[in-house]
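Coordinate inspection notes
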Amino acid sequence: MHRFRNLLLAATLVVSTAALAAGDYPIVKYGNEEIKLSEVLETWKTLFPGGNAPDFKTFDENIRQNVLRGMVSEKLLYKEALKAGYDKNPVVKKRMEEMQRQIVLQSYMEAKAKDLLTDEELKKVYDEKVKNSAGVEEVRARHILVKTEEEAKKIAEELKKGGDFEKIAREQSTDKGSGAQGGDLGWFTKDKMVAEFADAAFGLKKGAVSAPVKSGFGWHIIKLEDRRAVKPASFEESKEELRGEATEKAVDEYVSGLLKNAKVKYYDENGKELPFDATAKPSGDHAEHID
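None of these values were measured; they are calculated from a predicted model.

Moving on: the overall build of the chain. Tallying secondary structure elements over the chain gives eleven helices and eight strands in all. A total of 291 residues make up the chain; the buried ones form 31% of that total. In the chain, the share of contacts with a sequence separation of at least 24, taken over all contacts with a separation of at least 6, comes to 66%.

Below is the structure:
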């Protein structure tokens, strides 16, 4: 079955609103069955949410038939599976129940997250963020990252003699992402970088180059390009980013409330009750990094 789903995905098709306006009709018939255009369009909606592409009718005929062939094949296989009684197989039924549970849970939590994070709540988060950013500084810096102190010292000497920082970054930095940009890391606040790097970068004057700095990533040579006070984006510009940041916290608080009300009791193998913390914990720490 995955083969046919992959066929649909490989076709890279998305439905336009123009196709919906064209009216519904049976686009394929087989035996006593048929597939209507509306079903095809609904399939595309689920596979490619928010996508934009030409009308299905404008696609190459071979692609159209490949897609429809995959849909018919899947339906035929499903009928054969039902004939063979796989819908009554205990293992399959258990998997179906688990899938249903996951779909219901996901749908509920998506809706609940929207209820928990109204625009009014987001505005409170935004106002707090703006308040906390008052007086916060950000810098723009470049760096050259190498594996050893010896390499870093050699580059530092080369720079003292007038070496081109950006050229060396492109040629020698092991951070290929920033290296391709001449070592440019863009603008960042101190909390966005590992401590050793951040302390060194924010301790530099504009235009200055650091001595070799060691972090968990290796050895850095840092050049400070500029610094400025953080200017918060407007609420409308920040809304979706804020929603993403605040969703996990709001959901964790909601789940913690459910756990507390459920009065969960926790026991060891001997039946002795143990302390139970009803506060939902984050799934993992966010590691600091250099982008």
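If you trace the four strands from one edge of the open sheet to the other, you get S4-S3-S6-S5, paired in antiparallel fashion. Here the strands that pair on one side only, and so sit at the sheet edges, are strand S4 (184-189) and strand S5 (213-215). With direction set aside, neighbouring strand axes in the sheet form an average angle of 45°. Taken together, the three bridges between S5 and strand S6 (residues 218-229) define a ladder with antiparallel strand orientation. Across the sheet, Val213 pairs through a bridge with His220, a residue of S6. Here helix H7 (residues 149-160) sits on the sheet in contact with strand S3 (137-146) and S6, set at roughly 50° to S6. Sitting on the sheet, helix H10 (residues 195-202) touches S3, S4, S5 and S6, and the angle it makes with S6 is about 50°.

The next point concerns the nonpolar core. One recurring pattern in soluble globular proteins: nonpolar side chains tend to sit buried together. With 15 residues, the main nonpolar core has Phe188, Met193, Phe197, Ala201 and Ile222 as its most contacted residues. Secondary-structure elements contributing two or more residues to this core are S3, S4, H10 and S6. Element by element, the count of residues in this core is highest for H10, at five residues. Ignoring sequence-local partners within four residues, the contact set of Ala201 consists of Phe188, Ile222 and Leu224.

Attention now moves to the packing of H7 against helix H8 (residues 165-172). Two elements in contact, H7 and H8, have axes separated by 10 Å at closest approach and are oriented at 155°. Taken together, the axis directions place H7 and H8 in an arrangement best described as roughly antiparallel. Crossing of H7 against H8: the hand is right-handed. Contacts between H7 and H8 involve Ile155, Glu158 and Leu159 on the former and, on the latter, Phe165, Ile168 and Gln172. When the residues that make up the contact of H7 with H8 are grouped by side-chain class, the tally is four nonpolar, one polar and one charged.

A word on H8. Buried within H8 are the following residues: Phe165, Ile168 and Ala169. Summarising the axial view, the buried residues of H8 lie within an arc of 105°, below the 170-degree limit, and thus occupy one face. Elements in contact with the buried residues of H8: S3, H7, helix H9 (176-179) and S6. Where H8 begins, the side chain of Asp164 points an oxygen toward the backbone nitrogen of Glu166, at a separation of 3.0 Å.

With that settled, the discussion passes to the layout of surface pockets. Taken as a whole, the largest pocket holds about 940 Å³ of empty space. What lines the largest pocket is a set of 30 residues, among which Lys129, Val130, Glu241, Leu242 and Glu245 lie closest to the centre. Those elements that provide at least two residues to the lining of the largest pocket are helix H6 (119-132) and helix H11 (235-262). For the lining of the largest pocket, the leading source of residues is H11, giving ten residues. Class assignment of the residues belonging to the lining of the largest pocket gives a composition of 13 nonpolar, four polar and 13 charged.

How each quantity is defined
Residues numbered from 1 in each chain as written. Predicted model: local features only at pLDDT ≥ 70, side-chain atom pairs only at ≥ 80, totals over all residues. Heavy atoms only, no water. Helix = DSSP H or I, 4+ residues; strand = E, 2+ residues; numbered from the N terminus. Buried < 20%, exposed > 50% of the residue type's maximum accessible area, 1.4 Å probe, protein only. Contact = heavy atoms within 4.5 Å. Pairing = 2+ DSSP bridges. Axes fitted to C-alpha atoms, helices over the stretch in contact; angles between N-to-C directions. Core = buried A, V, L, I, M, F, W, Y, C linked by side-chain atoms within 4.5 Å. Parallel < 35°, antiparallel > 145°, perpendicular 65-115°, else oblique. Left-handed = near helix turned anticlockwise from the far one by under 90°. Nonpolar A, V, L, I, M, F, W, Y, C, P; charged D, E, K, R; others polar. Arc of directions from axis to C-beta. Polar contact = N/O pair within 3.5 Å; in protein donor to acceptor, adjacent residues only side chain to side chain. 1 Å grid on protein atoms, 1.4 Å probe; cavity = no way out; pocket = protein on both sides within 12 Å on 5 of 7 lines; lining within 4 Å. Points joined across faces, edges and corners; volume = space filled by probe spheres on them.

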